[in-house]
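Coordinate analysis (summary)
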Amino acid sequence: MQVKHLKSLINRIDYGNNISNDELTELISLFYDEYSMADLEGSEDLLMLLKSRARAKSKSVWGNRIYQHCMIEISNRCQNDCYYCDIRHGNTEIPRYNLKKSEILETIKPYYKVGIRDFILLSGEKAHKSDEITDIVHYIKSYYPDTTLTLGLGIADKKAYNEWREAGADKYMLREETIDEARYMMLHPAYMKLEKQVDSLYDLRNLGYQVDMRFTLGTPYQSPDSLAEMLCFIKDFGPSSVALSPFVPSPDSEFRHHNECSLTLITAMTSLLRLLMPKLIIPATSTMDAISEQGTIQGILSGANITIHNITPDIYRNYRSDINFGSVNPVDEALILGLDKLGYELFYRHDYDTKRSSCAHAPRI
Ligand code: SF4
């Protein structure tokens, strides 16, 4: 009976019918932990059904193309102290770095040469001075004007967002863990405010950015109902892209003994997101490779339509704690072959218009 009911919920989302927050919570509860899955005969079949529906939905919008984006962690400094984060200000165990603009340009160069045009610059909050970021954006755009440049530098003031946008930044990615006030307070020191984070999303949109969100799943104090609430928030806000990353406990964080996010939860949530928002850009994040050998492929098989590769220079990647943040090489033969076997093609260029017909793309690798 329960399997039949849950199957009907998947059908309803797939056919674009409304589903209540409670019903979404019911579905997420099944995939939330291994015990719920083990308790219900037929749960594996439901997961397979959910993923195959999401895959079909993704193909109906994006075809068999998987787009390739690259991400550079331009600094591991941050002024904040989020309890789950290995690069929080209070962690004195790691050396800190800021990439210079010439290093960023050099890092981008080989990937630009092979045709990649989407680059994401990430750092903690206020790692660089505001005018340094303006200079970096301007510098990169003057060399590579046809790139899509996404910034993910945490919360800044409107003046800074505006200057970066005018310098040529196209998109801004903000990281969220929850949109529930009580849970937010359990993950952050008191001086950090959820309201400010949410306001920033609207400020960015008003300034003309395409807004991306990045949610971490499986963090402490998360629950099926908070995840359902998160999906509803995403649907209401309508970002251009949403990256779901699995929580991987950092040995340098307060939550080092917490379990990492399961592959089941991250793939089921990716599929639900795809069914709820068919045209959304959904990456299979490189962090998925940290929890599964085939993480990226699993993300694609759950309805993701782009891959994000961390191309931060090795010397700086070693400045983080010992988490494996996933594969580095965007021309990875194994990935290309793996996708090929599954009937997908890897493409390098993508113009972000959500209509398939307007996707610009480089020739297949
Ligand atoms: S999660 Fe972001 S804002 Fe919080 S400490 Fe880490 S880098 Fe800083």
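Please refer to the structure placed before this passage.
Residues numbered from 1 in each chain as written. Predicted model: local features only at pLDDT ≥ 70, side-chain atom pairs only at ≥ 80, totals over all residues.

With 5 of 5 residues buried, strand β2 (residues 118-122) is to be regarded as a mostly interior element. Because side chains alternate across β2, one face comprises the buried residues Asp118, Ile120 and Leu122, and the other comprises Phe119 and Leu121, equally buried. Across 4 bridges, the pairing between strand β1 (residues 65-73) and β2 is parallel. Directly across from glutamate 73, in β2, lies its bridge partner leucine 122. (Buried ≥ 20, exposed ≤ 12 C-beta atoms within 10 Å, placed from the backbone. Helix = DSSP H or I, 4+ residues; strand = E, 2+ residues; numbered from the N terminus. Pairing = 2+ DSSP bridges.)

Quick look at unusual backbone geometry now. Within the chain, lysine 126 stands out as a residue other than glycine whose phi angle is a positive 55°. Note that lysine 126 resides in the loop between β2 and α6 (130-143). With a phi close to 70°, tyrosine 221 is a non-glycine residue in the positive phi region. On the secondary structure map, tyrosine 221 appears in the loop between β5 (210-217) and α10 (224-237). Residue tyrosine 221 is classed as partly exposed on the basis of its C-beta count, with 17 C-beta atoms lying within 10 Å.

Next up on the list: the nonpolar core. Grouped together as the largest cluster of nonpolar side chains are 83 residues, with contacts concentrated most on Tyr172, Val242 and Met269. Per-element tally for this core: the top contributor is helix α11 (residues 263-276), with 7 residues. (Core = buried A, V, L, I, M, F, W, Y, C linked by C-beta atoms within 7 Å.)

To continue, consider the site of the ligand. Near the ligand the following residues occur: Cys78, Asn80, Cys82, Cys85, Ile87, Arg88, Gly124, Glu125, Gly154 and Arg175. Taken together, the residues of the shell around the ligand break down into 4 nonpolar, 3 polar and 3 charged. (Near = placed C-beta within 6 Å. Nonpolar A, V, L, I, M, F, W, Y, C, P; charged D, E, K, R; others polar.)

Within an α-helix, residues lying three or four positions from one another point in the same direction, as the helix has 3.6 residues per turn. Between its terminal C-alpha atoms helix α4 (residues 43-62) stretches 28 Å, which fits the 28 Å expected from 20 residues at 1.5 Å a residue. Where α4 is concerned, the buried positions are Leu46, Leu50, Arg53, Ala54, Lys57, Ser58 and Trp62. Mapping the buried residues of α4 onto a view down its axis gives an arc of 145°, with all of them on the same face. Among the exposed residues of α4, those pointing more than 90 degrees away from its buried face are Glu44, Asp45, Met48 and Ser60. Taken together, the buried residues of α4 touch α1 (2-14), α2 (21-32), β1 and α11. (Expected span 1.5 Å × (residues − 1). Arc of directions from axis to C-beta. Contact = placed C-beta atoms within 7 Å.)

In the contact formed by α2 and α10, the axes pass within 8 Å of each other and the chain directions differ by 125°. With respect to their mutual orientation, α2 and α10 come out oblique. In this structure, the crossing between α2 and α10 has a hand that is right-handed. Contact with α2, carried on its side by Asn21, Leu24, Thr25, Ile28, Ser29 and Tyr32, involves Pro224, Asp225, Leu227, Ala228, Glu229, Leu231 and Cys232 of α10 and no other residues of that element. Residue classes in the contact of α2 with α10 are distributed as 8 nonpolar, 3 polar and 2 charged. (Axes fitted to C-alpha atoms, helices over the stretch in contact; angles between N-to-C directions. Parallel < 35°, antiparallel > 145°, perpendicular 65-115°, else oblique. Left-handed = near helix turned anticlockwise from the far one by under 90°.)

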